[in-house]
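# Chain and residue survey
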Amino acid sequence: MEQVQLDNFGRLLKGKKDVLQKYIIKDLKITDPDVIKSSGTDVHPILEYTGNQNDFVEGTIYKISDEELKQADSYEVDDYQRQLLTFESGTKAWVYLKR
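What comes next concerns the included structure. (Residues numbered from 1 in each chain as written. Predicted model: local features only at pLDDT ≥ 70, side-chain atom pairs only at ≥ 80, totals over all residues. Heavy atoms only, no water.)

## Side note on the environment of Lys 63
Tracing the sequence through the fold places Lys 63 in the loop between β4 (56–62) and α3 (66–75). Given a relative accessible area of 71%, Lys 63 falls into the exposed group. Along the chain, Lys 63 and Glu 88 lie 25 residues apart, while their C-alpha atoms are 17 Å from each other. Among residues more than four places away in sequence, those in contact with Lys 63 are Arg 11 and Lys 14. (Helix = DSSP H or I, 4+ residues; strand = E, 2+ residues; numbered from the N terminus. Buried < 20%, exposed > 50% of the residue type's maximum accessible area, 1.4 Å probe, protein only. Contact = heavy atoms within 4.5 Å.)

Structure (structure tokens):
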């Protein structure tokens, strides 16, 4: 994760922990060689909506600039889509989830 941040943003990101309700994390097989090189693996996590109140994902919300958000968009493969969601704390943040 740190190498991906350095490759895409040139820095390590700072963030705060939060929880996203009604989602789970699944594995996604990646084929893009640049993404695999940066992450060091061809299996990446992907958020999937379940609608089940018992499902949740613990994660980190990072503060990034609009330009960095565009860089993140170009890094993610087509299996992901970006969506603005509300976390348990009430904070709204962009997430990449299953298309």
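## Quick look at the pattern of salt bridges
Scanning all chains against the criterion turns up five salt bridges. The salt bridge involving Lys 29 is made with Asp 42; its shortest N-O contact spans 2.3 Å. Residue Lys 29 is located in strand β2 (residues 23–29), and its partner Asp 42 is located in the loop between α2 (33–39) and β3 (43–49); the two are separated by 13 residues in the primary sequence. You can call Lys 29 exposed: its relative accessible area is 53%. The partner of Glu 48 in a salt bridge is Lys 98, with the nearest N and O atoms 3.2 Å apart. Taken together, the residues Glu 48 in strand β3 and Lys 98 in strand β6 (residues 92–98) connect sequence positions 50 residues apart. By relative accessible area, which is 19% here, Glu 48 ends up buried. Classification of Lys 98 by relative accessible area gives partly exposed; the value is 43%. When salt bridges that share partners are traced, they join Lys 26, Glu 48 and Lys 98 into one network. (Salt bridge = Lys/Arg side-chain N within 4 Å of Asp/Glu carboxyl O.)

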